[in-house]
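This is what each chain is made of:
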Amino acid sequence: MLTAEEIKLFLDEDMASSQKRQAKIGQDYYEGRHDILDYRMFYYNDNGELVEDKYRSNAKIPHPFFTELVDQATQYIMSDKEGFVMSDEPELQAELDKYFNGNKRFKVELSETITGMQIRGCDYIHAYKGKDDRLCFENADSLGVVEVEGRFAEDGKNQIIWKYFDRVDKEGNIRFKVLVIDDENTYFYTQENNGSIVPDDSVPLNPRPHAAYEDSTGKLYTKPFGFLPFFRLDYNKKKISHLRAVKPLIDDYDLMASSLTNNLIDFDTPLHVVRGFEGDNLDELQNNIKTKKLIGIPDEGNAGVDIKTVDVPYQARQAKLELDEKGIYKFGMGLNMSGLKDTSATTNIAIKAAYSLLEMRCSKIIDQLELLLMDLVEVVLDEINETNGTGYTTEQVYIDITPEIMSNAQENAQIELTDTQKQQTAINTLLSLASYMDNELLMQQVCDVLDLDYEQIKDKLTDPEESETMIDNAGGILGGTEPENPFGGEVDE
């Protein structure tokens with residue numbers, strides 16, 4: 001096992017790594033903490049010194065495009081209502097639904113993992129035993145997870161160090177939980193702020209096997225999983241955040257929008273030019289423009305007061321903002337809803353085209369997600385087989401992720417109506433030729449039009465005379481005439 005000093009060393013080195021620094025930047029941008037918030041303005045004063053300008057407006061407006069791009073992909077992938085983990089065996093499907101498709105908590109944790117892998121480049125799923133003695137899965141923030149290869153441990157086992165926030169005590173100290181996990185046991189530690197790591201005295205059994213049970217007599221039973229209960233979901237091979245593709249464009253958009261806001265704030269009211277007043281130096285001039293809206297110029301024999309307005313050159317900035325926005329959605333491979341505008345008047349082809357970039361990006365995520373889900377299925381099947389005495393294998397399970405693309409409801413209804421009319425025309429044509437073919441051939445042709453399996457329903461068909469009567473009735477209905485009533489009497493309207 002690792003010592004407390006080794007654990008702290010691994011955590012400190014990991015947090016200083018390039019990958020984790022990039023991951024923290026991705027987390028900041030997802031939460032709206034952009035570089036624009038640190039933007040400062042400077043100027044040279046009368047003495048030629050560079051000083052910070054604290055008089056001019058300095059609006060700092062982050063635009064969370066990255067948040068939208070990430071959430072778009074997550075919700076698009078999770079839009080599959082049927083579930084991901086499927087089997088053609090009804091009994092096995094019922095068992096799998098308890099872990100995956102029918103488990104709302106799993107869907108929430110999986111959604112968090114898909115979001116995290118885009119933000120930070122990778123994220124983790126942690127497996128643990130729930131109260132019902134069934135495997136459960138939760139998201140583990142990759143910022144607090146360190147993979148330790150077996151060559152760095154005395155016992156030669158691969159291990160995971162997982163550090164996560166616990167609470168803030170009354171003195172304001174931040175308390176963290178630190179777990180060291182291998183294929184058999186979990187070791188529990190605590191850490192305050194960035195201090196020393198010490199064993200967690202609040203855990204009665206430390207270290208503890210992955211699964212621990214206590215019967216009614218108080219006897220304790222323990223059982224390890226036999227595998228490392230952490231599963232990583234990578235965004236790409238280098239585990240680089242999706243932010244890298246769009247960060248310069250987002251920063252440029254923030255700067256252009258904030259600068260335009262500053263111009264509007266600084267020049268939103270007219271300037272009063274007082275001729276004949278010479279009391280302004282550069283510092284006073286900026287302060288007067290900002291606060292009093294007054295400036296003075298030397299007396300040249302024409303003393304007086306003029307009112308000046310400033311036309312803010314917003315057109316160039318506006319064009320640049322629009323260009324940046326298009327670039328963000330294009331190179332960020334997202335769905336620009338402003339391009340759809342009136343969805344009710346947009347065809348399904350146009351909607352499909354708008355989704356093309358998002359669909360392309362999500363297809364890569366889905367490939368990685370399928371690998372993760374099959375790893376989870378493998379350990380779940382082992383538990384199902386052990387509990388129920390079955391022999392299910394991964395060959396009986398498949399992953400089906402089919403995201404749903406929104407469509408034009410009016411166009412869909414029109415297409416459905418057209419298909420129905422084609423179907424009705426085909427049946428009417430067959431019924432008009434009924435006298436030239438026997439009933440069996442006619443029913444086969446009708447089943448083909450209605451997409452029915454004739455072999456499955458032929459035994460349920462009536463004798464030829466009744467079939468002929470049924471066909472005549474169908475012809476009357478489709479042709480608009482009153483159908484024959486086989487029970488006699490009048491047909492109710």
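Q: Summarise the overall build of the protein chain; cite the residues concerned and give the values.
A: Scanning the protein chain for helices and strands turns up 14 helices and 18 strands. For the protein chain, the residues scored as buried account for 37% of the 493 residues in total. Considering only residue pairs separated by 6 or more positions, the protein chain has 61% of its internal contacts joining residues 24 or more positions apart. Total accessible area on the protein chain is roughly 28,900 Å²; 52% of this is exposed by carbon and sulfur atoms.

Q: Pulling in residues and values, what's your account of the pattern of salt bridges?
A: For the structure on display, the rule yields 24 salt bridges. A salt bridge links Asp14 to Lys20; its shortest N-O distance comes to 2.3 Å. Judged by relative accessible area, which is 16%, Asp14 ranks as buried. Residues joined in a network through salt bridges with shared partners are Asp28, Glu31 and Arg33.

Q: Explain the nonpolar core to me, using residue names and the numbers behind them.
A: Within the largest apolar cluster, 43 residues are counted, with the highest numbers of intra-cluster contacts made by Leu96, Phe100, Leu110, Phe137, Leu369 and Leu373. Contributing elements (two or more residues each) for this core: α3 (65–77), α4 (90–99), α5 (104–120), β4 (122–129), β5 (135–140), β14 (230–234) and α10 (356–388). For this core, the element with the most residues is α10, which contributes 13 residues. Counting residues in each nonpolar core, the second largest holds 15 residues, with Tyr29, Leu69, Val246 and Tyr329 among its members.

Q: Can you explain α5? Please cite residues and give values.
A: The first and last C-alpha atoms of α5 sit 24 Å apart over 17 residues, in line with the 24 Å expected at 1.5 Å per residue. Residues of α5 that are buried: Phe106, Glu109, Leu110, Ser111, Thr113, Ile114, Thr115, Gly116, Met117, Gln118, Ile119 and Arg120. Where α5 begins, the capping side chain belongs to Asn103, and its oxygen is found 3.1 Å from the backbone nitrogen of Arg105. Looking one or two residues beyond α5, the residue adopting positive phi is Gly121, at roughly 95 degrees.

Q: Can you explain helix α2 (residues 18–30)? Please cite residues and give values.
A: For α2, with 13 residues, the first-to-last C-alpha span of 19 Å sits near the 18 Å given by 1.5 Å per residue. Along α2, the positions that sit buried rather than exposed are Lys20, Ala23, Gly26, Gln27 and Tyr29. Remark: Gly32 follows α2 within two positions and exhibits a positive phi of approximately 85 degrees.

Q: Describe the packing of α3 against helix α8 (residues 314–331), naming the residues involved and giving the relevant values.
A: For any two helices packed against each other, one specifies the crossing angle of their axes together with the interaxial distance. Running from N to C, α3 and α8 cross one another at 30 degrees; their axes reach a closest spacing of 11 Å. With respect to their mutual orientation, α3 and α8 come out roughly parallel. In terms of crossing hand, the pair formed by α3 and α8 is right-handed. Taken together, the residues of α8 that come into contact with α3 (itself represented by Phe65, Glu68, Leu69 and Gln72) are Glu325, Ile328 and Tyr329.

Q: Could you give me a rundown of unusual backbone geometry, with the residues and numbers involved?
A: For the bond running from Asn206 to Pro207, omega is 5 degrees, close enough to zero to count as cis. Turning to its location among the elements, Pro207 is positioned in the loop between β10 (197–199) and β11 (208–209). Positive phi, normally seen in glycine, also occurs at Asn193, with a value near 50 degrees. If you trace the backbone, Asn193 turns up in the loop between β9 (185–192) and β10. Backbone geometry places Lys239, a non-glycine residue, at a positive phi of 55 degrees. Topologically, Lys239 is positioned in the loop between β14 and α6 (247–266). Overall, the relative accessible area of 25% leaves Lys239 in the partly exposed class.

Q: Hey, could you go over the packing of aromatic side chains for me, with residue numbers and the actual values?
A: Any pair of aromatic rings gets described here by the distance separating the centres and the angle formed by the planes. Per the counting criterion, the structure on display carries 13 aromatic pairs. Considering the side-chain rings of Trp162 and Tyr164, the 4.9 Å spacing of their centres and the 45 degrees angle between planes classify their relative orientation as tilted. Among the residues examined, Tyr164 registers a relative accessible area of 31% and is labelled partly exposed. Their ring planes at 15 degrees and their centres at 5.3 Å tell us that Phe225 and Phe227 sit as a pair that is stacked. Note on Phe227: relative accessible area 22%, which makes it partly exposed.

Q: How would you summarise the confidence of the model for the protein chain if you had to cite specific residues and measurements?
A: On average, residues of the protein chain carry a pLDDT of 82, and 80% of them reach 70 or more. Per-residue pLDDT, averaged within each element of the protein chain, yields its smallest value for helix α14 (residues 464–479) (51) and its largest for β14 (96).

Q: Describe the layout of surface pockets, naming the residues involved and giving the relevant values.
A: Regions of empty space are outlined by a rolling probe, equal in size to a water molecule, passed over the atoms. The space that makes up the largest pocket amounts to roughly 420 Å³. Forming the boundary of the largest pocket are 20 residues, of which Lys129, Asp133, Glu383, Glu386 and Thr387 lie nearest the centre. Mapped by element, the contributors of at least two residues to the lining of the largest pocket are α4 and α10. Take the lining of the largest pocket: its biggest share by element is 7 residues, from α10. By residue class, the composition of the lining of the largest pocket is 8 nonpolar, 2 polar and 10 charged.

Q: Explain the sheet that holds β5 to me, using residue names and the numbers behind them.
A: Strand order across the open sheet formed by 3 strands is β5-β4-β14, with antiparallel pairing between neighbours. In the strand order of this sheet, the two ends are held by β5 and β14, each with one partner. The mean inter-strand angle of the sheet, taken between neighbouring strand axes irrespective of direction, is 25 degrees.

Q: Tell me about a negative patch on the surface, and name the residues and values.
A: Taken together, Glu5, Glu6, Glu154 and Asp155 make up a surface patch of like negative charges. Inspection of the secondary structure puts Glu5 in helix α1 (residues 4–15). The exposure class of Glu5 is exposed, given its relative accessible area of 60%.

Q: A description of the environment of Met78 should follow, citing residues and the corresponding values.
A: When you line up the elements, Met78 lands in the loop between α3 and β3 (85–86). Distance in space between the C-alpha atoms of Met78 and Pro403 is 6.9 Å, their sequence separation being 325 residues. Not counting residues within four places of it along the chain, the set of residues in contact with Met78 comprises Phe84, Lys107, Leu110, Ser111 and Ile114.

Reading guide: rules and limits
Residues numbered from 1 in each chain as written. Predicted model: local features only at pLDDT ≥ 70, side-chain atom pairs only at ≥ 80, totals over all residues. Heavy atoms only, no water. Helix = DSSP H or I, 4+ residues; strand = E, 2+ residues; numbered from the N terminus. Buried < 20%, exposed > 50% of the residue type's maximum accessible area, 1.4 Å probe, protein only. Contact = heavy atoms within 4.5 Å. Areas by Shrake-Rupley, 256 points an atom, 1.4 Å probe, with all protein chains shown as cover. Salt bridge = Lys/Arg side-chain N within 4 Å of Asp/Glu carboxyl O. Core = buried A, V, L, I, M, F, W, Y, C linked by side-chain atoms within 4.5 Å. Expected span 1.5 Å × (residues − 1). Polar contact = N/O pair within 3.5 Å; in protein donor to acceptor, adjacent residues only side chain to side chain. Axes fitted to C-alpha atoms, helices over the stretch in contact; angles between N-to-C directions. Parallel < 35°, antiparallel > 145°, perpendicular 65-115°, else oblique. Left-handed = near helix turned anticlockwise from the far one by under 90°. Phe/Tyr/Trp six-rings, centres within 6.5 Å; stacked < 30°, edge-to-face > 60°. pLDDT = per-residue confidence, 0-100. 1 Å grid on protein atoms, 1.4 Å probe; cavity = no way out; pocket = protein on both sides within 12 Å on 5 of 7 lines; lining within 4 Å. Points joined across faces, edges and corners; volume = space filled by probe spheres on them. Nonpolar A, V, L, I, M, F, W, Y, C, P; charged D, E, K, R; others polar. Pairing = 2+ DSSP bridges. Patch = residues over 30% accessible without salt bridge, like charges linked within 9 Å, V, L, I, M, F, W, Y side chains within 5 Å. Lys, Arg positive; Asp, Glu negative; His and termini not counted. Charge placed at Lys NZ, Arg CZ, Asp CG, Glu CD.

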